[in-house]
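# Structural description and commentary
The residues making up each chain are set out below.
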Amino acid sequence: MKIAFIGGGNMASALIAGLAGKLAKGGDIHVVDPNADALARMGEQHGVTTSLTIDSALAASDVIVLAVKPQQMREVAAALQPHVGASQPLILSIAAGIRGADLARWLGGYGKIVRTMPNTPALIGLGITGMVAMDGVSAPQKAAADSIMKAVGQTVWLDDEAQIDPVTAVSGSGPAYVFYFIEAMQQAAIEMGLSREQGRELALATFVGAAQLAAQSDDAVPVLREKVTSKGGTTYAAISSMEASGVKEKIIEAMKAAAARGRELGDEMGRD
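A few points on the structure. Predicted, not measured: the structure shown is a model, and the values here were computed from it.

Calculation criteria
- For every chain, the first residue of its written sequence is number 1, and the numbers climb from 1 along that sequence.
- Where totals are concerned, whole chains, interfaces and linings use all residues; where local detail is concerned, this predicted model gives features only for residues with pLDDT of at least 70, and gives and counts side-chain atom pairs only at 80 or more.
- Where side-chain values are given, they derive from all heavy atoms of the structure, hydrogens and water being excluded.
- A pair of Phe, Tyr and Trp rings is counted when the ring centres sit within 6.5 Å of each other, with Trp represented by its six-membered ring. The angle between the planes then sorts it: under 30 degrees is stacked, over 60 is edge-to-face, the rest tilted.
- Per the convention used, a helix needs a DSSP run of H or I reaching at least four residues, while a strand needs a run of E reaching at least two, with both numbered from the N terminus.
- To sit over a ring, a charge needs its Lys NZ or Arg CZ within 6 Å of the ring centre and within 35 degrees of the ring normal.
- Axes here refer to lines fitted to C-alpha atoms; in helices the fit is confined to the stretch in contact. Angles between the N-to-C directions go from 0 to 180 degrees.
- Here the angle decides the label: under 35 degrees means roughly parallel, over 145 means roughly antiparallel, 65 to 115 means roughly perpendicular, and every other value means oblique.
- Each crossing gets its handedness from the near helix: less than a right angle anticlockwise from the far helix is left-handed, clockwise is right-handed.
- Contact criterion: two residues are considered in contact whenever any of their non-hydrogen atoms come within 4.5 Å of each other.
- Residues are grouped as follows: nonpolar covers Ala, Val, Leu, Ile, Met, Phe, Trp, Tyr, Cys and Pro; charged covers Asp, Glu, Lys and Arg; every other residue, Gly included, is treated as polar.
- When a carboxyl oxygen of Asp or Glu is within 4 Å of a side-chain nitrogen of Lys or Arg, the pair counts as a salt bridge.
- Summary of the burial criterion: residues with accessible area below 20% of their type's maximum are buried, those above 50% are exposed, and those between are partly exposed, where the area comes from a 1.4 Å probe applied to protein chains only.
- Only buried Ala, Val, Leu, Ile, Met, Phe, Trp, Tyr and Cys residues count toward a nonpolar core, and they belong to the same one when joined by side-chain atoms within 4.5 Å.
- Following DSSP output, two strands are said to pair if at least two bridges run between them.
- By the criterion used throughout, a crossover qualifies as right-handed when its path from the first strand across the helix to the second strand runs clockwise, the strands pointing away from the viewer.
- Note that patches include only residues with greater than 30% relative accessible area and no salt bridge, and the join distances are 9 Å for like charges and 5 Å for nonpolar side chains (Val, Leu, Ile, Met, Phe, Trp, Tyr).
- Here the accessible surface of atoms and residues is derived via Shrake-Rupley with a 1.4 Å probe, and residues count as covered only by protein chains that are part of the display.

Pairs of aromatic rings are described using the distance from one ring centre to the other and the angle between the two planes. Tallied over the entire structure, the rule returns one aromatic pair. When the centroid spacing of 5.9 Å and the interplanar angle of 65° are considered together, the rings of F181 and F207 count as edge-to-face. One end of the pair, F181, is in helix 7 (residues 174-191); the other, F207, is in helix 8 (residues 196-216), with 26 residues separating them in the sequence. In this structure, K142 is placed above the aromatic ring of W157, and the distance from its NZ or CZ to the ring centre is 4.7 Å.

For the rest of this paragraph, the subject is the packing of helix 6 (residues 164-172) against helix 11 (residues 247-270). Between helix 6 and helix 11, whose axes approach to 8 Å, the crossing angle comes to 135°. By the angle class used here, helix 6 and helix 11 are oblique. Note that helix 6 runs across helix 11; the crossing there is right-handed. Contacts between helix 6 and helix 11 involve D165, P166, A169 and V170 from the former and M255, A258, A259, G262 and R263 from the latter. The class makeup of the residues in the contact of helix 6 with helix 11 is six nonpolar, one polar and two charged.

So, about the pattern of salt bridges. Side-chain pairs of opposite charge can arise where the charged atoms are in close proximity. In this structure the tally under the stated criterion is nine salt bridges. A salt bridge links D219 to K227; the nearest nitrogen and oxygen atoms lie 2.4 Å apart. A salt bridge links E268 to R261; the shortest N-O distance between them is 3.0 Å. A residue is classified by how much of its surface remains accessible, and R261, at 36% relative accessible area, is partly exposed. One connected set of salt bridges, linked through shared partners, spans R261, E264 and E268.

This part takes up the nonpolar core. Membership of the largest hydrophobic core comes to 30 residues, with the highest contact counts inside it found for I3, F5, I29, V31, V63, L92 and I148. Among the secondary structure elements, those contributing two or more residues to this core are strand 1 (3-6), helix 1 (10-19), strand 2 (29-32), helix 2 (36-46), strand 4 (63-66), strand 5 (90-93) and helix 5 (139-149). F5 has contacts with A12, L15, I16, L19, I29, H30, V31, V32 and V65, leaving out every residue within four places of it along the chain. Counting 28 residues, the second-largest nonpolar core is a separate cluster that includes L58, L66, A95 and V167.

Every second residue of strand 2 is oriented toward a common face, with I29 and V31 on one face and H30 and V32 on the other, all of them buried. Of the strand pairs in this sheet, strand 1 and strand 2 are connected by four bridges, and their pairing is parallel. Looking across to strand 2, one finds that F5 is bridged to V31. This β-α-β element, strand 1 to helix 1 to strand 2, shows right-handed connectivity. The pairing of strand 2 with strand 3 (residues 49-51) spans three bridges and is parallel. Note that in strand 3 the partner of V32 across the bridge is S51. Read from strand 2 through helix 2 to strand 3, the crossover connection turns out right-handed.

A few words now on helix 1. Taking burial as the measure, the ten residues of helix 1 include seven buried ones, the bulk of the element. On its buried face, helix 1 sits against strand 1, strand 2, helix 2 and helix 5. Just past helix 1, the residue G21 takes up positive phi, approximately 80°.

Right, let's get into a nonpolar patch on the surface. Together, L123, I124 and L126 make up an exposed nonpolar region whose accessible area comes to about 340 Å². With respect to the element layout, L126 can be found in the loop between strand 6 (113-117) and strand 7 (127-133).

The structure is reproduced here in structure tokens:
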């Protein structure tokens, strides 16, 4: 498979590291980015070919991954359009907020597009990506898209592009919620007399262990929580305090706000 990346930032670098020598040979991966130093590093590390601008080299690609900032997408699509007509590559977008219909319009009506929403744990191969295929995508192209994103974690396919906004709220933005809770646990540890290093070690190990337990257990998450929460005990005191403060409802409310903002961004980015 010949794969081109437009944009060589963190997510693209993670994907390239996961793909090179596995799903594609280094020499079959082409990276376009204006940062010459970054291109040189990727060339040395993975043997990829590179260029500073979008050029005819993209015409040989089976898949073109758009890994640029959403604000750059319209300009990138205009430069890319002349290079997609003949070879009919799959366009794989990892840019937040850009709807498939708008991207297709900017590409002159080109419809072989898969839109994705990855998250930052992809940087260590533990991401999860929500994915939706536009009508013009063939079964082999959908399989190729799945293979590419599985290089950095799990994939979840969606039936409707509108579901991308809830995915953004749950998993796309989700790592920030986890980091926020870890921050609070670390701060509480310090305020209760533990050192900063002890608070960090305890909070991180607890999150990693609890997440793995939830992933591996046959019990549902509420059941696992109940098993830790003996009535009248220390955990019960903590959960009762959170319930009294409406913590769960506030988290749900916040995630719905994230999804709403995702819809707003789609409207803003696609506006002519």
